[in-house]
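# Summary of the model geometry
Here is how the chains run, residue by residue.
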Amino acid sequence: MRIEGVDTFSLLGFNDNHLQMIEDRYDDATIIVRGDTVTLKGQPADIAQLERIFKELTYLLGKNGTLTSNDVGTVIDLVYDLNPNLRRDALADTESAGVVLFTKNSIVKAKTPTQKLYVDRIQRNDIVFAIGPAGTGKTYLAVAMAVAALKNRQVNKIVLARPAVEAGESLGFLPGDMKEKVDPYLRPLYDALDDMLPSEKLKNYMERRVIEIVPLAYMRGRTLNNAFVILDEAQNATAMQMKMFLTRLGVNSKAIVTGDVTQIDLPLKISSGLVQIQDVLRDIQGIDFVYFDRNDVVRHRLVKEIIDAYDAFNAKSGSNNNHGESHHQR
């Protein structure tokens, strides 16, 4: 298609900022601009929507003489939400439906009352702690919120961190370079991002360090401005590591901390920072805690029963295998 009657530079934005906004929403499509010619490659439905977006933006620019990022975002939202491949019931009211992120194949949304509360608390607070058992969507929803914030230009980068608890093995004796040694600990974070971003887009973001996935120890000494920061498996962070992580937060940044205080892998003499922090920060405005339980499990139906079986076994045997289980259902 051809761009006629308007300045291409104004249409695409300074440093192609407007073009980047469109590309971020249509991850699977390829947009090539040469002079006044725009070449679109991708699925027919995406191409039809992209043509409409460029036509609407060209019209607005010709009418008003300028084009703002808000104009571009509004046009993208209006056209994108007409996508016939997305479920109409989710599009009817995305806020009340708990929709967090539109991906290439599906929609990430809050599915339980606690998950909806979690999303709301993340939107309202700069630091949120999510505590509960595996499978409740704590990390997945946090990553989806981070990706949505990045796409909407609310932040400039995403940093995902995990403690690399060695579970009896020293990293120094594991084969490979440092990346190969720590990647197994970080794999769940890669998996979540793989669900939400096309592989090429994710690779590009990581090469440009727009998205970083790092061991918690690598956070020391940094100040993170305009960032969405997530600490996963935080029950395995020590009290000092937790303090170090939280004090990395800079201007216009948000931190989400997730963990399960019944699954602590630290040596018995070392206290979990996630257990301690519930008493340290509970009364600070702008910081919130959300607690999940078995009713929020969204994995295979048997996961709830497995959690119940372990709880029953531990209760029967009088097991108290960790450093702060009493906080779990607070």
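Residues numbered from 1 in each chain as written. Predicted model: local features only at pLDDT ≥ 70, side-chain atom pairs only at ≥ 80, totals over all residues. Heavy atoms only, no water.

Attention now moves to helix α6 (residues 113–124). Helical geometry note: an α-helix holds 3.6 residues per turn, so side chains three or four residues apart project in the same direction. For α6, with twelve residues, the first-to-last C-alpha span of 17 Å sits near the 16 Å given by 1.5 Å per residue. Turning to α6, its buried residues are Thr-114, Gln-115, Tyr-118, Val-119 and Ile-122. The buried residues of α6 occupy an angular sector of 145° when projected down its axis, which confines them to one face. Exposed and facing more than 90 degrees away from the buried side of α6 are Pro-113, Gln-123 and Arg-124. (Helix = DSSP H or I, 4+ residues; strand = E, 2+ residues; numbered from the N terminus. Expected span 1.5 Å × (residues − 1). Buried < 20%, exposed > 50% of the residue type's maximum accessible area, 1.4 Å probe, protein only. Arc of directions from axis to C-beta.)

Along the chain, Arg-25 turns up in helix α2 (residues 17–25). If sequence neighbours within four positions are ignored, Arg-25 has contacts with Ile-76, Asp-77, Tyr-80 and Asn-152. (Contact = heavy atoms within 4.5 Å.)

What follows deals with the pattern of salt bridges. With the rule as written, the count across this model stands at eleven salt bridges. Salt-bridge contacts for Glu-233 lead to Arg-162; the nearest nitrogen and oxygen are separated by 3.2 Å. Residue Glu-233 is located in the loop between β8 (227–231) and α10 (239–246), and its partner Arg-162 is located in strand β6 (residues 157–162); the two are separated by 71 residues in the primary sequence. Among the salt bridges present, the one from Glu-212 reaches Arg-209, with a minimum N-O distance of 2.8 Å. Since its relative accessible area comes to 5%, Glu-212 is described here as buried. Here the residues in one salt-bridge network are Lys-157, Arg-209, Glu-212 and Arg-222, joined through shared partners. (Salt bridge = Lys/Arg side-chain N within 4 Å of Asp/Glu carboxyl O.)

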